[in-house]
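So the chains spell out like this:
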Amino acid sequence: AAGVIQSPRHLIKEKRETATLKCYPIPRHDTVYWYQQGPGQDPQFLISFYEKMQSDKGSIPDRFSAQQFSDYHSELNMSSLELGDSALYFCASSLTSPPTGELFFGEGSRLTVL
Amino acid sequence: GESVGLHLPTLSVQEGDNSIINCAYSNSASDYFIWYKQESGKGPQFIIDIRSNMDKRQGQRVTVLLNKTVKHLSLQIAATQPGDSAVYFCAERDNNDMRFGAGTRLTVKP
């Protein structure tokens, strides 16, 4: 069965650079969630989208933005990168918003900021 | 073996023993909870869920207990196996998303 696809899996950037992460949800899932997980930390909710509209917002920095496109894939754009942005970024999708069942997670994109 | 609250991030148990992982959630209005298992370098994987109109739900080798009075959730794993070694997170539905609690690292000793 198709799962949530994230790309790239690994990304290395310098401070003050920009990075873009992509997420392709499970087919027919209309809701996408972004989480940031620092080393040894729990996943922190950043932002979610339902039917291409922002659904909920968590601890997403102003330097970050995201959107969901007509094909339901989502992109997380991160600018003016800081060392502290180094983390695993997970995307998840669900059938409904608010979620009435589990969120399906991708394998994550590991961002390293040097 | 049993973990206590959110301040004991590790739990070590002997293979074959039962494990109990605890979680305190924050929002008394939360009506849906999930336990996730996360192996190193991978995304969280669904284990079991429970809705607030229930206080217990059983799966294969796992049981989730919900105590709404004290806002406490627990995951019981029967006959813990080496493959159960991972970090376990509870998550609660908060408006339109799921919010994670601090994880517990479970280590199974052979």
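Residues numbered from 1 in each chain as written. Chains lettered and ligands numbered in written order. Predicted model: local features only at pLDDT ≥ 70, side-chain atom pairs only at ≥ 80, totals over all residues. Heavy atoms only, no water.

Trainee: Pulling in residues and values, what's your account of the interface of chain B and chain A?
Mentor: Contacts between the two partners involve 22 residues from chain B, matched on the other side by 24 residues from chain A. When chain B packs against chain A, close to 1,700 Å² is buried across both sides, 53% of that on carbon and sulfur atoms. For the salt bridge of A:Asp56 with B:Arg99, the shortest nitrogen-to-oxygen distance reads 4.0 Å. Broken down by secondary-structure element, the contributors of at least two residues to the side of chain B that touches chain A are strand 3 (32-38), strand 4 (45-51), strand 8 (86-94) and strand 9 (97-100) of chain B. The residue inventory of the side of chain B that touches chain A, partitioned by class, reads nine nonpolar, seven polar and six charged. (Contact = heavy atoms within 4.5 Å. Buried area = accessible area lost by both parts, 1.4 Å probe. Salt bridge = Lys/Arg side-chain N within 4 Å of Asp/Glu carboxyl O. Helix = DSSP H or I, 4+ residues; strand = E, 2+ residues; numbered from the N terminus. Nonpolar A, V, L, I, M, F, W, Y, C, P; charged D, E, K, R; others polar.)

Trainee: An account of unusual backbone geometry is needed here, citing residue identities and associated values.
Mentor: Residue and element names in this part refer to chain A. Note that the residue after serine 7, namely proline 8, is joined by a cis bond; omega there is -10°. Tracing the backbone shows proline 8 in the loop between strand 1 (5-7) and strand 2 (10-13). Notably, tyrosine 72 is not glycine yet its phi reads approximately 75°, a positive angle. Looking at the secondary structure, you find tyrosine 72 in the loop between strand 7 (64-68) and strand 8 (74-78). The class of tyrosine 72 is partly exposed, set by a relative accessible area of 25%. A positive phi angle, close to 45°, is found at serine 80, a residue other than glycine. Mapped onto the fold, serine 80 is located in the loop between strand 8 and strand 9 (87-94). (Buried < 20%, exposed > 50% of the residue type's maximum accessible area, 1.4 Å probe, protein only.)

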